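Chain and residue survey
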Amino acid sequence: MIRHALVPAYLLACLLLGGASAAGFAANLVLQLAALPLIGWSLWPLLQQAPAVQIRSLLGLAALLIAVLLLQLVPLPPAVWSALPGRDFVVQDYRLLGLPLPWLPLSLAPQATLASLLWLLPAFAVLLAMLVRGAFRGRGIAAVILAVTLVGIAIGALQVIGGESAYFYAVTNFGVAVGFFANGNHNATLMLVCIPFLAALQATLLKRKSSSRSASAIRLLVAAAYAIIVVGLLINASLAGIGLGVPVALTTWLVFGRQRPTLRRILAVATVVASIGTLLVIAVGPFGNNLFGHQTSHVELSRQTSFRLTFQAARQFLPFGSGTGSFQPIYHREEPLDTVTTTYMNHAHSDWLELLLETGVVGIALAALFLAWWGLRVRAIWQAEERDPFAQAATIASAAMMLHSVVDYPLRTAALSAVFAACLALLSGVRPYVRVSRKASSARHISL
């Protein structure tokens, strides 16, 4: 059915074209324009009838996110915006120029806030098309993620040995295996996401095959794919990717493996211990870690400096924040002049910290609501009598992306934000569209 290919096809386009947050302007524009008809097609049924019960919470969270961004663009009278924390320097600038205070929005970078709304379009297109229209199949999404990951690893190997000609973006991590991305860490995130989805795809294929020869062939191919992913993570050399690779792989094995109850409990404890141990080694080991390690060069570009200055700025703008997309101009005000060079910090390298700066308490409260919904859905998925392997994979993949977002900004690319949106839709319990017969029930969604 053509409908089932829509989201996988669009997700493929996002993964191929949306690998940069800023460098790929033209490609991101194409993805945003392509998202519009998909969003319109998905919203149309919502204008005619109420959405299914199990998707209302997620749709409500998405609506709240849009509302927060739109409210940041509403012009406020001078007496209101000038009284907000952190706006003193704006008032002083107008007074120095001898100009009266105009009406201004809460956001100190309204154009960037509007750009952030447009940046959300690909993710919203994937989310709405899956939730409302059921325009997907789980194995189609998994196949797209797997195919792009494996091809990206091959391209990454060429990038490491072949020089600058193998890279897709002018602003990128030259000398690093970035694949279809501009940032090597984001390519590592995709590899982490691929691990549980590959396991879900294997479980689905084995369930459909009755021949032992076919099952053996599937296991062999899957094992080869896992080996390629391990090699990809090693040549990519992202510390976060390698550090998170251990808990992601062990959790995937624990979820999709067939162990006896006693062994399963032992493996669960071992997974926790091994995961914590690996992350501690990465954090304190001599691996060039610029968050916990001692910095002797390029200190101004380290995560230590970025986190400290971002948090310092965030405190000044509490409780409402400086406005979505305002990180760069606000961060530049915090940088000591003697550390300013031609290289600048484009993001805080922590989506959670940048969220605090730009949206304040409101954004953190919305994030808390989202995490509460996420936790409830994970519990429901893992306790269900008939478990959806792709929903289980989505729990692991989404957790990996959120954890990586603590020390980077993978979700600020159209590619990974679209994958994250697909994971959230799978978490919601939505099922692919089924053509309704005249005698069948009109319900298309199954709640867990």
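My aim in this report is to walk through the structure given alongside it, one point at a time. (Residues numbered from 1 in each chain as written. Predicted model: local features only at pLDDT ≥ 70, side-chain atom pairs only at ≥ 80, totals over all residues. Heavy atoms only, no water.)

Attention now moves to the packing of helix H13 (residues 303-317) against helix H14 (residues 327-334). Each packed pair of helices is defined by two parameters, the angle between the axes and the distance between the axes. Interaxial distance between H13 and H14 falls to 9 Å at its minimum, and their mutual angle equals 100°. Taken together, the axes of H13 and H14 lie roughly perpendicular to each other. For the pair H13 and H14, the contacting residues are Thr305, Ser306, Leu309, Thr310, Gln312, Ala313, Gln316 and Phe317 in the first and Phe327, Ile330, Tyr331 and Glu334 in the second. Looking at the contact of H13 with H14 residue by residue, the classes come out as 6 nonpolar, 5 polar and 1 charged. (Axes fitted to C-alpha atoms, helices over the stretch in contact; angles between N-to-C directions. Helix = DSSP H or I, 4+ residues; strand = E, 2+ residues; numbered from the N terminus. Parallel < 35°, antiparallel > 145°, perpendicular 65-115°, else oblique. Contact = heavy atoms within 4.5 Å. Nonpolar A, V, L, I, M, F, W, Y, C, P; charged D, E, K, R; others polar.)

All right, on to the nonpolar core then. The biggest cluster of nonpolar side chains holds 91 residues, and the ones touching the most others in it are Met130, Leu131, Ile145 and Phe197. Tallying contributions element by element places helix H17 (residues 414-427) first for this core, with 13 residues. Counting residues in hydrophobic clusters, the runner-up holds 13 residues, among them Phe317, Phe327, Ile330 and Tyr331. (Core = buried A, V, L, I, M, F, W, Y, C linked by side-chain atoms within 4.5 Å. Buried < 20%, exposed > 50% of the residue type's maximum accessible area, 1.4 Å probe, protein only.)

Throughout the structure, instances matching the rule amount to 3 salt bridges. Across the pair Asp351 and Arg412 runs a salt bridge whose closest N-O atoms are separated by 2.6 Å. Taken together, the residues span a long stretch of sequence, with Asp351 in helix H15 (residues 351-383) and Arg412 in the loop between helix H16 (389-404) and H17 at a distance of 61 residues. Taken individually, Asp351 and Arg412 each receive the classification buried, so the pair is uniform in this respect. (Salt bridge = Lys/Arg side-chain N within 4 Å of Asp/Glu carboxyl O.)

Right, let's talk about the side chain of Ser322 for a bit. Along the chain, the position of Ser322 falls in the loop between H13 and H14. Residue class for Ser322 comes out buried when judged on its relative accessible area of 0%. Excluding its chain neighbours within four sequence positions, the residues that come into contact with Ser322 are Arg87, Leu106, Ser107, Leu108, Phe317, Ile330, Leu357 and Glu358.

Applying the stated criterion across every chain yields a total of 0 disulfides. This cysteine, Cys14, is not joined by any disulfide, and Cys423 carries the nearest cysteine sulfur, 13 Å off. Cys194 supplies the cysteine sulfur nearest to Cys423, a cysteine that is in no disulfide, at a spacing of 12 Å. (Disulfide = S-S within 2.5 Å.)

This next bit is on the packing of aromatic side chains. Scanning the entire structure with this criterion turns up 5 aromatic pairs. Geometrically, the ring pair formed by Phe370 and Phe420 is tilted, given 6.1 Å between the ring centres and 55° between the ring planes. Placement of Phe370 in helix H15 and of Phe420 in helix H17 is noted, with a sequence separation of 50 residues between them. Among the aromatic side chains, those forming a connected cluster through ring pairs are Phe370, Trp373 and Phe420. (Phe/Tyr/Trp six-rings, centres within 6.5 Å; stacked < 30°, edge-to-face > 60°.)

A few words on the packing of helix H11 (residues 239-256) against H16. Viewed as axis vectors pointing N to C, H11 and H16 meet at an angle of 160°, and their least axial separation amounts to 11 Å. It follows from the interaxial angle that H11 and H16 lie roughly antiparallel. The element H11 and its partner H16 pack so that their crossing is right-handed. In contact with Ala240, Leu244, Val248, Thr251, Thr252, Val255 and Phe256 of H11, H16 contributes Pro389, Gln392, Ala393, Ile396, Ala400, Leu403 and His404. A per-class count over the contact of H11 with H16 returns 10 nonpolar, 4 polar and no charged. (Left-handed = near helix turned anticlockwise from the far one by under 90°.)

In this chain, Leu318 is followed by Pro319 through a cis amide linkage whose omega measures 10°. As for its placement among the helices and strands, Pro319 is situated in the loop between H13 and H14. Positive phi, close to 65°, is recorded for Ala237, a residue that is not glycine. Topologically, Ala237 is positioned in the loop between helix H10 (212-236) and H11. Phi is positive for His349, which is not a glycine, with a value near 60°. Among the secondary structure elements, His349 is positioned in the loop between H14 and H15. Assessed through its relative accessible area of 14%, His349 is described here as buried.

With that out of the way, let us pick up a nonpolar patch on the surface. Together, Leu12, Leu16, Leu17 and Val30 make up a nonpolar patch on the protein surface, roughly 290 Å² of accessible area in all. Per-element tally for the nonpolar patch: the top contributor is helix H1 (residues 2-17), with 3 residues. By the element assignment, Leu17 lies in helix H1. Residue class for Leu17 comes out partly exposed when judged on its relative accessible area of 35%. (Patch = residues over 30% accessible without salt bridge, like charges linked within 9 Å, V, L, I, M, F, W, Y side chains within 5 Å. Areas by Shrake-Rupley, 256 points an atom, 1.4 Å probe, with all protein chains shown as cover.)

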